[in-house]
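Reading the structure
Spelled out, the chains give:
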Amino acid sequence: MASGTTTFEQFVRYVNDLAGLERIFRLLQSIVQIGIAYPSTIHLVDPLILLIIPVQSSVTTLNRAVLLVLQQRIDLARRYLRVFRFLDTFQQAQRLFHQHVVTSPPPPGTSLTKAPNPTPASEESSGTPYTPSSQRRARTEEWLDLLGRSFNGMYLLVETSTIVDYMQVDGLHVWGAEGKIVVNAEAQRFWLFTLVCGVLAGIVRISRLLAAEDETPRESTNMTTGDDDAGEPTEKGSSGRPRGKEEEEEERQRHKSKTLKRLVRGVVTNAIDIVLPAVVIGWLHVGPGVVALAMFATTLSTSVDIWKRCGREITGRK
């Protein structure tokens, strides 16, 4: 019962979270688009529709027309939820800039020198000179995160500028009927750049995570804790190492596996999401059914992180 209550509380938190609510509308929109792309799926709910709403004309034609209008209304609702999100995204980009560019500390084991002309080995300090080239590789993913947030902010800002036009109120518009399509395509272009940065940043982090295991120093089997403990037997695990070290290694491997799965899921999700803006701007040509299925899959994937975050917030309040 306690577990069910916790799940219900987490669900309540999720549906009242702005990001969670937007994911719910996105999931509904993807389902509607699947129904539009594959008319045969509409017949699966025909009996239920006939029980709720009596119709006089063709059920298939009417349902498709209703789904088209419903898809537009859900898309507009999602735009309302994102109308001021560009402010938060630009703020996040600013924080990343100050954290990793303006006030970024030098890598561990480096000296704060400007690396002048080559110095003889006898005159070199023990630390490695701190130069932009020596730090560039270590900050690749941070730069990609910064670019991604900036592109995402531009996407949301440009999209917000079209919300009045998508309301479809007679006599009220900003860009006009044709202009809103062009501006929306440019917004989708910024979103595509955001997703590409996300994919590249994820790949860099995965490569670093895998490389970190290869560079893990091996422990010396001859190491002792001190003269007083010399000659005393140490309790060891099945691998021949002390139990404390073994448990620590297992915990580290579990954490690494969990992080790796999260990064891989993020890369795959962003890569699949690229289909959506690429189709809008004409860089990719696939059917509307593929777009709807991609939208459905990525919505479920991205909803997992929001669901977990809501659970952590509930746990933190107790």
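In this report, we go over the structure that sits alongside the text. Remember, it's a predicted structure, so these values are computed and weren't measured experimentally.

Focus: the pattern of salt bridges
Considering all chains together, one arrives at 14 salt bridges under this definition. D17 serves as the salt-bridge partner of R309, at 2.9 Å between the closest nitrogen and oxygen. Residue R309 is found in helix α12 (residues 288-317), and its partner D17 is found in the loop between α1 (2-16) and α2 (18-37); the two are separated by 292 residues along the sequence. For R309, a relative accessible area of 26% puts it in the partly exposed group. Judged by relative accessible area, D17 falls into the buried class, the value being 11%. Of the charged contacts, one joins R82 and E22 as a salt bridge, the two residues approaching to 3.1 Å between their closest N and O atoms. Separated by 60 residues along the polypeptide, R82 in the loop between α4 (59-81) and α5 (85-102) and E22 in helix α2 bring together distant segments of the chain. Look at E22 and you get buried, because its relative accessible area is 1%. Within the structure, one salt-bridge network assembled from shared partners comprises E22, R23, R78, R82 and E159.

Thoughts on the packing of aromatic side chains
Under the defined criterion, the tally for this structure stands at four aromatic pairs. Between F151 and F193, the aromatic rings sit 5.4 Å apart at their centres with planes inclined by 55 degrees, giving tilted as the arrangement. Here F193 lies in helix α9 (residues 176-214) and F151 lies in helix α7 (residues 140-160), a separation of 42 residues in the sequence. The partly exposed category is assigned to F151, whose relative accessible area is 24%. Judged by its relative accessible area of 27%, F193 is partly exposed. Through a chain of ring-to-ring contacts, the aromatic side chains of F151, F190 and F193 assemble into a single cluster. Stacked on the ring of Y166, the Lys or Arg R79 has its end atom at 4.0 Å from the ring centre. Here K180 stacks its cationic end above the ring of Y166, 4.6 Å away from the centre of that ring.

Conventions used here
Residues numbered from 1 in each chain as written. Predicted model: local features only at pLDDT ≥ 70, side-chain atom pairs only at ≥ 80, totals over all residues. Heavy atoms only, no water. Salt bridge = Lys/Arg side-chain N within 4 Å of Asp/Glu carboxyl O. Helix = DSSP H or I, 4+ residues; strand = E, 2+ residues; numbered from the N terminus. Buried < 20%, exposed > 50% of the residue type's maximum accessible area, 1.4 Å probe, protein only. Phe/Tyr/Trp six-rings, centres within 6.5 Å; stacked < 30°, edge-to-face > 60°. Lys NZ or Arg CZ within 6 Å of the ring centre and 35° of its normal.

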